[in-house]
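# Structural features, examined
Each chain, written out:
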Amino acid sequence: MKIITVLGARPQFIKAAVVSKCIAAETGIYEIIVHTGQHYDTKMSDVFFRELKMPTPKYNLGIGSASHGKQTARMLEGIEEIILDERPDVLMVYGDTNSTLAGALAASKLHVPVIHVEAGLRSYNKLMPEEQNRILTDHISDTLFCPTQTAINNLFKEGISKRAYNTGDVMYDSVLAYKAIAEKYYPFGQVIRHIEIYPRMEKNCAQKPCELESGKYYLTTIHRAENTDDIIKLQIILESLDCLDIPVVFLVHPRTIKMITESLSENDYDNIIFAEPVSYLEMLTLLSNARKVLTDSGGLQKEAYFSEIPCITLRDQTEWIETLDGNWNILSPIDKHSILGKVLDIIPETSILNKNYFGNGNAASRIVDIIRASY
Ligand code: UD1
């Protein structure tokens, strides 16, 4: 069986790493990886392939950044050509990015069955590009691998749960598989010495990363269009982080640093360390040593939950509602008073943390077993 896997953005590399490993261990399944090039910086792409020992993509479309329509259209054209050349039995996509939708649509139009990993997630906010990508991808997929029972229920409401399986979450597999490796090879002292401050933000950083202490910093990522493309919101977020009681390590996504350096870099943010993106294993170390996480990333909300680190999600809704149980994850609107109150005051109920919501850590092998039995 020949599978084409379409990847493009950082979280997809992390999800695919565990599944590709299981595929490689199977005889009779041959995987071809197509990288759309949606993420292209070394720190957003290459480092993940290297560190997670993923197979090198056979194709890299080098699409890069563009408006949503252009980016998706260029991917669609490139993936279609590859499908026509390679004639795969199935095509697999992950998550909710433009690369996900382009892969699914190209295959569906050529009548190649589509497998969607991380299906059934919904924020019920159609303004989000990710929500559009998820809904469309789910409806044209033939096999839907859901990370949670909530995701299955969401698909049931849309009448497409017959082709869905609750396999558990591949990101849980990934944290379980790589946590011990991170602890052994990326100790905290080493990781903080490797943190690089964005050159243009050095003057804004009064804190030195190498002086950070375990349990005495907050970890932050912000990259959603709803937060970064509204400069007022971004400013409120930065002002809130700057007022916190201990330093904030802000791992800044390229789209976010662009907005900050274009509009806000003249401000003083003494409490924030504006750092370049780090690798997955470095991230696991920074996460497990953080006091709390503040983020708008779906992946980091779960990674915080799996690592038992409280999280404040800077959004009005989350697709990962299980993490809200027992206050392990708390939503906050973009309002300084609310953000500070939630970060400083809320303590999770330790007895309520239930990782079984996300399966048993064997989602990847279940996915590969079902693929082998179905196609
Ligand atoms: C994409 C996904 C989002 C996912 C995120 C993970 C869509 C619609 N969004 O958002 O769901 O959570 O990836 O990170 O697919 N850029 C670089 N270098 C890179 C990549 C991006 O400089 O390697 C900059 C470019 O200026 C680009 C901007 O970041 O315009 C946005 O990149 P894009 O890939 O369009 O979306 P993300 O914000 O990364």
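Residues numbered from 1 in each chain as written. Predicted model: local features only at pLDDT ≥ 70, side-chain atom pairs only at ≥ 80, totals over all residues. Heavy atoms only, no water.

## A word on the overall build of the protein
Note the cut-off: Helix and strand definitions follow DSSP, with helices as H or I runs of at least four residues and strands as E runs of at least two, each counted in order from the N terminus. The size measure is the radius of gyration over C-alpha atoms, and the globule rule it meets is 2.2 Å times the number of residues to the 0.38 power. Two residues qualify as a contact provided that any one of their heavy atoms is within 4.5 Å of a heavy atom in the partner residue. In this description, accessible areas are obtained by the Shrake-Rupley approach with a 1.4 Å probe, and a residue is regarded as covered only by the protein chains that are shown. Counting rule applied: Lys, Arg positive; Asp, Glu negative; His and chain ends not counted. Throughout, a charge is located at the NZ atom of Lys, the CZ atom of Arg, the CG atom of Asp or the CD atom of Glu.
Across its full length, the protein carries 15 helices and 13 strands. The C-alpha atoms of the protein give a radius of gyration of 20 Å, which matches the 21 Å a tight globule of 375 residues would have. Counting only C-alpha atoms, the protein reaches 55 × 45 × 40 Å along its principal axes. In the protein, once contacts between residues fewer than 6 apart in sequence are set aside, the share between residues at least 24 apart is 71%. A total accessible area of about 15300 Å² is found for the protein, and carbon and sulfur atoms account for 50% of it. With 38 positive and 48 negative side-chain charges, the protein shows a separation of 3 Å between the mean positions of the two kinds.

## Comments concerning the site of the ligand
Selection criterion: We call a residue near a molecule or strand when any one of its heavy atoms sits within 4 Å of it. Counted as a polar contact is a pair of N or O atoms within 3.5 Å, where, for protein atoms, one must be capable of donating a hydrogen and the other of accepting one, and residues adjacent in sequence contribute only when both atoms are in side chains.
As a structural note, the neighbourhood of the ligand is formed by 20 residues, with Gln38, His39, Asn98, Glu130 and Arg255 the closest of them. One nitrogen or oxygen atom from the side chain of His39 is found 2.6 Å from an oxygen atom belonging to the ligand. At 2.9 Å, a backbone N or O of Tyr40 approaches an oxygen atom of the ligand. For the ligand, the accessible surface in isolation is 740 Å², of which the surrounding protein chains cover 88%.

## Overview of the layout of surface pockets
We count it as follows: A 1.4 Å probe that fits into a set of points on a 1 Å grid over the protein atoms alone but cannot get out defines a cavity; an open set with protein on both sides within 12 Å along at least five of seven lines defines a pocket, and lining residues are those with an atom within 4 Å of a point. Grid points are joined across faces, edges and corners, and a volume is the space filled by probe spheres set on the points. When residues are sorted by character, Ala, Val, Leu, Ile, Met, Phe, Trp, Tyr, Cys and Pro go into the nonpolar class, Asp, Glu, Lys and Arg into the charged class, and all the rest, Gly among them, into the polar class. As annotated, the domain borders come from an automatic or database domain assignment.
Volume-wise, the second largest pocket comes out at about 180 Å³. Around the second largest pocket sit Thr42, Lys43, Val47, Val191, His194, Ile195, Glu196, Glu276, Pro277, Val278, Ser279 and Glu282, which together line it. Classifying every residue of the lining of the second largest pocket by side-chain character gives five nonpolar, three polar and four charged. Taken domain by domain, the makeup of the lining of the second largest pocket includes at least three residues from each of domain 1 (2–169 + 359–374) and domain 2 (187–358).

## Focus on the nonpolar core
Burial of nonpolar side chains together is a common tendency in soluble globular proteins. The test is simple: For the purposes of this section, nonpolar cores are sets of buried Ala, Val, Leu, Ile, Met, Phe, Trp, Tyr and Cys residues that join through side-chain atoms within 4.5 Å. Whether a residue is buried, partly exposed or exposed follows from its accessible area with a 1.4 Å probe, protein chains only, as a fraction of its type maximum: under 20%, in between, or over 50%, in that order.
Residues Leu7, Val19, Met54, Met92, Tyr178 and Tyr280 are the most contacted members of the largest nonpolar core, which totals 52 residues. Take this core: its biggest share by element is seven residues, from helix H1 (residues 10–24). Composition of this core by domain shows at least three residues from each of domain 1 (2–169 + 359–374) and domain 2 (187–358). Not counting residues up to four positions away in its chain, the partners in contact with Met92 are Ile3, Ile4, Thr5, Val6, Val19, Ile23, Glu31, Ile115, Val117 and Ile371.

## Remarks on empty space enclosed by the protein
Under the definition given, this model contains one cavity of 30 Å³ or more. There is about 40 Å³ of room inside the largest cavity. Taken together, Val117, Glu118, Phe145, Cys146, Pro147, Thr167, Gly168, Asp169, Val170 and Ile367 make up the full set of residues lining the largest cavity. Taken together, the residues of the lining of the largest cavity sort by class into six nonpolar, two polar and two charged.

## Side note on the sheet that holds strand E6 (residues 143–146)
The strands making up a sheet are joined through hydrogen bonds of the backbone, oriented either antiparallel or parallel. Condition: A strand pair is defined by DSSP finding two or more bridges across the two strands. All axes are obtained by fitting lines to C-alpha atoms, using only the stretch in contact for helices, and the reported angles, taken between N-to-C directions, cover 0 to 180 degrees.
One open sheet holds the seven strands; their spatial order is E3-E2-E1-E4-E5-E6-E7, and the pairing between them is parallel. Whereas interior strands pair on both sides, the edge strands pair on one side only; in this sheet they are strand E3 (59–60) and strand E7 (164–166). In the sheet, strand E1 (residues 2–7) pairs with strand E4 (residues 90–94) via four bridges, with the strands oriented parallel. Across the sheet, residue Ile3 finds its bridge partner in E4, namely Val90. Contacting E1, strand E2 (30–35), E3 and E4, helix H3 (residues 68–86) crosses the sheet at an angle of about 165° to E1. Helix H4 (residues 98–109) contacts E1, E4 and strand E5 (114–117) of the sheet and is inclined by roughly 160° relative to E4.

## A short note on the packing of helix H10 (residues 231–242) against helix H11 (residues 254–263)
Stated formally: Our angle categories are set so that under 35 degrees counts as roughly parallel, over 145 as roughly antiparallel, 65 to 115 as roughly perpendicular, and the remainder as oblique.
Here H10 crosses H11 at 90°, and the two axes come no closer than 11 Å. In terms of axis orientation, H10 runs roughly perpendicular to H11. When H10 is examined against H11, the residues Ile231, Leu234 and Leu238 are found in contact with a partner set consisting of Thr256, Met259, Ile260 and Ser263. In the contact of H10 with H11, the residues fall into five nonpolar, two polar and no charged.

## Remarks on the pairing of strand E11 (residues 292–295)
Note the cut-off: A clockwise path from the first strand over the helix to the second, with the strands pointing away from the viewer, defines a right-handed crossover.
On E11, burial covers both faces: Lys292 and Leu294 on one face and Val293 and Thr295 on the other are all buried. As judged from the four bridges shared by strand E8 (residues 218–221) and E11, these two strands associate in the parallel manner. Within the sheet, the bridge partner assigned to Tyr218 lies in E11 and is Lys292. In the classification by handedness, the crossover that spans E11, the intervening helix H13 (residues 298–306) and the parallel strand E12 (residues 311–313) is right-handed.

## Some points on the sheet that holds strand E13 (residues 329–331)
Spatial strand order, E10-E9-E8-E11-E12-E13: six strands in an open sheet with parallel pairing. Looking along the sheet, the strands with just one partner apiece sit at the ends: strand E10 (272–275) and E13. The mean angle between the axes of side-by-side strands here comes to 20°, regardless of whether they run parallel or antiparallel. Where E12 meets E13, three bridges bridge the pair, whose relative direction is parallel. Directly across from Cys311, in E13, lies its bridge partner Asn329.

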